[in-house]
Amino acid sequence: MQPIRVYPDMKWRDLQQVFNDLFPYLRLDVESGHKSFIDRPLSALSRLTVPNSFDIVPDMTVDELEMAFQYEMGLPCRVLRRSGYTWLETAYTRRWSLERQNDKGAELSRDLR
């Protein structure tokens, strides 16, 4: 799998699309004070003066991803995993890789297809 390059000029909507293409059973949520942030570049949402780019890779843990968003992009973010028709926080499985989280989401949602 190709890594996802997250860069400051990327729009949140575009990031969600490529993230969901790679991890269909995971969802990224950003905590933003902006009401209409979906079409804004990440740099406009950032709390940093100069946000940095970073890569999202399948073997990255939820902790690593959330820390990368916080420290590189200046955005508090969380990862949710699909379980049937609901989205669960990954607080107890933070050390699992994104790939493992996505596989578990597929397993928990298998009977609904």
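Criteria and thresholds
- Residues numbered from 1 in each chain as written.
- Predicted model: local features only at pLDDT ≥ 70, side-chain atom pairs only at ≥ 80, totals over all residues.
- Heavy atoms only, no water.
- Phe/Tyr/Trp six-rings, centres within 6.5 Å; stacked < 30°, edge-to-face > 60°.
- Buried < 20%, exposed > 50% of the residue type's maximum accessible area, 1.4 Å probe, protein only.
- Helix = DSSP H or I, 4+ residues; strand = E, 2+ residues; numbered from the N terminus.
- Core = buried A, V, L, I, M, F, W, Y, C linked by side-chain atoms within 4.5 Å.
- Contact = heavy atoms within 4.5 Å.

Caption draft 1: A look at the packing of aromatic side chains. This structure, assessed with the given rule, holds 3 aromatic pairs. The interplanar angle of 50° and the centroid separation of 5.1 Å between the aromatic rings of F19 and F23 together place this pair among those described as tilted. Each of the two residues, F19 as well as F23, counts as buried. The interplanar angle of 85° and the centroid separation of 5.1 Å between the aromatic rings of F54 and F69 together place this pair among those described as edge-to-face. Taken as a pair, F54 in strand 3 (residues 54-56) and F69 in helix 3 (residues 62-73) lie far apart in primary sequence, 15 residues in all. By relative accessible area, which is 7% here, F54 ends up buried.

Caption draft 2: Up close: the nonpolar core. One finds L15, I56, L65 and F69 to be the most contacted residues of the largest nonpolar core, which totals 26 residues. At the level of secondary structure, the elements contributing two or more residues to this core comprise strand 1 (4-6), helix 1 (12-22), strand 2 (26-30), helix 2 (42-45), strand 3, helix 3 and strand 4 (77-83). Looking at this core element by element, the count peaks at 5 residues for helix 3. Setting aside its immediate chain neighbours within four residues, L15 contacts I4, V6, M10, L28, L42, I56 and F69.

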